[in-house]
Amino acid sequence: MPESYDVIVAGLGAMGSATAFQLARRGSQVLGLDRLHPPHTFGSSHGQSRIIREAYFEHPLYVPLVQRAYELWAELGKASGQRLLLQTGGLMIGLPDGVVVKGTLASAQTHHLRHELLPVEDVRRRFPAIDPRDDMVAVFEPRAGVVFPELCVQAHLRFAQESGATLKFNETVTGWSDSGDSLEVKTAQGVYRCRLLVISAGSWAKELIPELPVVVERQVLVWFEQHAPQLFSPEHCPIYLFEYERNRYFYGFPELGTGVKIARHHEGSAVDPNLVSREVHPEEIKSLHELVRSFLPELAGKALEAVVCLYTNMPDEHFLIDWHPKNPRVLVCSPCSGHGFKFSSAIGEIAADLILTGRSKLDLTLFRWR
Ligand SMILES: Cc1cc2nc3c(=O)[nH]c(=O)nc-3n(C[C@H](O)[C@H](O)[C@H](O)COP(=O)(O)OP(=O)(O)OC[C@H]3O[C@@H](n4cnc5c(N)ncnc54)[C@H](O)[C@@H]3O)c2cc1C
């Protein structure tokens with residue numbers, strides 16, 4: 001007889017590790033499976049740092065979700081005894097009528113969030129590492145900062161296991177089927193049964209749900225050397241996101257010990273996650289430095305490290321957290337269009353709520369299957 005569980009979680013990265021933890025702590029019999037051993041560097045949750053921000057320019061509906069995520073990160077940090085989140089404040093920079101500035105202000109005003117609208121002179125004076133163009137403005141939000149993805153995934157996995165979840169690594173889910181009474185989940189090593197299945201396989205999710213409308217996008221992260229440690233220290237340099245041209249973005253971090261990490265948001269090529277080139281080419285580093293150097297004048301062109309990471313994009317760049325349209329026992333919760341990490345603690349809770357109670361307290365309208 002195959003081993004049988006209440007819930008199987010396929011993929012134990014950001015979303016799957018949080019889901020396995022939230023289900024196990026509430027008494028479900030959970031099996032978590034991953035083709036590798038997270039945290040690893042082949043999916044979407046590596047690279048040392050992720051931005052967390054509250055005045056969400058993408059849509060005000062994300063604000064309650066990130067507020068719950070902040071609470072859960074704090075709980076997880078306390079339980080693990082590790083710093084999972086570093087509050088630096090955040091600057092959302094662009095043209096006054098651009099997507100980033102307008103959207104950030106809309107979220108801040110809708111949810112009465114603390115924020116300041118800063119002219120460029122104030123940005124330069126208060127945060128001298130950052131030099132926006134004269135035609136730009138910035139919204140400063142004090143609660144923004146950095147979450148540490150590898151530590152977060154590790155903590156979720158540890159507490160999932162300690163709460164009773166069975167976790168199996170280096171075991172790829174190869175397919176699933178509905179036998180009427182239960183679901184059968186096949187892996188390269190065997191077959192398992194469950195009542196409900198969560199698919200949180202990140203950039204590989206389409207292999208398990210071919211009808212998913214996602215596109216995987218290759219992204220490059222570069223850690224540049226800097227000439228001004230004081231200016232780039234987290235005490236003096238917040239996280240920043242520039243809309244440097246209409247609908248074109250790059251973002252970066254303070255110096256966190258290994259250089260200043262910078263990346264474009266989108267504009268990468270569509271790829272197959274099994275065939276993607278993991279090598280970062282010198283021209284990619286050069287072109288990123290050329291893009292950012294006028295905005296971050298103390299950044300040296302020398303790259304200390306560069307890695308490839310994968311976005312799993314929905315066509316409208318929102319998330320997908322919903323039941324499979326043809327099978328109400330299969331929950332999909334990982335396509336997050338390159339901005340999901342900050343929410344993963346809350347997405348784990350949402351997934352557990354949907355599985356255990358059929359509903360979530362949070363508004364998921366934006367995240368329906370579409
Ligand atoms: C460069 C970059 C920068 C980003 N910056 C930010 C940011 O600043 N802030 C933010 O909030 N978000 C950011 N994101 C987005 C965020 O990191 C992702 O939304 C999030 O990490 C996705 O988590 P996931 O669980 O869907 O995927 P992953 O963490 O990749 O997990 C998927 C897991 O599924 C496993 N798997 C796949 N197929 C199978 C299978 N068949 N069987 C078993 N296991 C399988 C994989 O091995 C993997 O461990 C960024 C992403 C990238 C790539």
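About the criteria used
Residue positions within a chain follow its written sequence, with the count starting from 1. For this predicted model, a pLDDT threshold of at least 70 governs which residues receive local features, and a threshold of 80 or more governs which side-chain atom pairs are given and counted, while totals over whole chains, interfaces and linings are taken from all residues. Hydrogens and water molecules were not included; the side-chain quantities draw on all heavy atoms of the structure. Secondary structure elements follow DSSP: runs of H or I of four or more residues count as helices, runs of E of two or more count as strands, with numbering from the N terminus. Radius of gyration: over C-alpha atoms. The globule rule applied is 2.2 Å multiplied by the number of residues raised to the 0.38 power. In this description, contact between two residues means that some pair of their heavy atoms is separated by no more than 4.5 Å. To be clear on the numbers: accessible area is Shrake-Rupley with a 1.4 Å probe, and residue cover counts the displayed protein chains and nothing else. Counted charges follow a simple rule, with Lys and Arg positive, Asp and Glu negative, and His plus the chain ends left uncounted. Throughout, a charge is located at the NZ atom of Lys, the CZ atom of Arg, the CG atom of Asp or the CD atom of Glu. Pairing of N or O atoms within 3.5 Å defines a polar contact, subject to two protein rules: one partner must be a possible hydrogen donor and the other a possible acceptor, and residues neighboring in sequence count only if both atoms are side-chain atoms. Note on pairing: two strands pair once DSSP finds at least 2 bridges between them. For helices, the fitted line uses only the C-alpha atoms of the stretch in contact; every axis is such a line through C-alpha atoms, and the angle between N-to-C directions lies from 0 to 180 degrees. When accessible area is computed with a 1.4 Å probe and restricted to protein chains, residues below 20% of their type maximum are described as buried, those above 50% as exposed, and intermediate ones as partly exposed.

Asks: Whenever I open this one, the overall build of the protein chain confuses me. Can you help?
Replies: Along its length, the protein chain carries 9 helices and 19 strands. Computed over C-alpha atoms, the radius of gyration of the protein chain comes to 21 Å, within 12% of the 21 Å expected from 2.2 N^0.38 for 370 residues, which places it in the range of a compact globule. In terms of principal-axis extent, the alpha carbons of the protein chain reach across some 70 × 45 × 40 Å. Contacts in the protein chain between residues far apart in sequence, at least 24 positions, make up 74% of those at least 6 positions apart. Accessible area of the protein chain: about 14,800 Å², with a carbon and sulfur share of 51%. The average position of the 37 basic charges and that of the 43 acidic charges among the side chains of the protein chain differ by 3 Å.

Asks: Explanation requested: the environment of Glu3 in the structure shown.
Replies: By the secondary structure assignment, Glu3 is in strand 1 (residues 3-10). C-alpha separation for the pair Glu3 and Gly190, spaced 187 residues apart in sequence, amounts to 9.5 Å. For Glu3, the side chain forms a polar contact with the side chain of Tyr5, separated by 2.6 Å. Looking at Glu3, its side chain comes within polar contact range of the side chain of Lys168, at 3.3 Å.

Asks: For this particular structure, what's the right way to read the side chain of Arg218?
Replies: Inspection of the secondary structure assignment puts Arg218 in strand 13 (residues 215-226). For Arg218, the side chain forms a polar contact with the side chain of Glu284, separated by 2.7 Å. Residues in contact with Arg218, not counting those within four places in the same chain, are Gly268, Ser269, Val271, Val276, Ser277, Glu279, Val280, His281, Glu284, Val308, Cys309 and Leu310.

Asks: Help me out: how do you make sense of the sheet that holds strand 14 (residues 239-245) in this one?
Replies: The pairing of strands in a sheet happens through backbone hydrogen bonds and is either parallel or antiparallel. What the 8 strands build is an open sheet, ordered 6-7-5-14-15-16-13-17; its pairing is mixed. Of all the strands in the sheet, just strand 6 (116-119) and strand 17 (299-313) have a single pairing partner and so form its edges. Going across the sheet, the axis of each strand differs from the next one's by a mean of 20 degrees, ignoring polarity. Packing against the sheet, helix 3 (residues 99-110) makes contact with strand 5 (90-94), strand 6, strand 7 (137-141), strand 14 and strand 15 (248-255), and its axis sits at approximately 130 degrees to strand 5.

Asks: Even after reading the chapter, I still don't get the pairing of strand 7, so can you show me in this structure?
Replies: Every regular strand shows the same layout, with side chains that alternate between the two sheet faces. With 5 of 5 residues buried, strand 7 is to be regarded as a mostly interior element. Both faces of strand 7 are covered, namely the face carrying Val137, Val139 and Glu141 and the face carrying Ala138 and Phe140. Pairing of strand 5 with strand 7, which is carried by 5 bridges, proceeds in the antiparallel orientation. Of the residues in strand 7, the one forming a bridge with Ile93 is Ala138.

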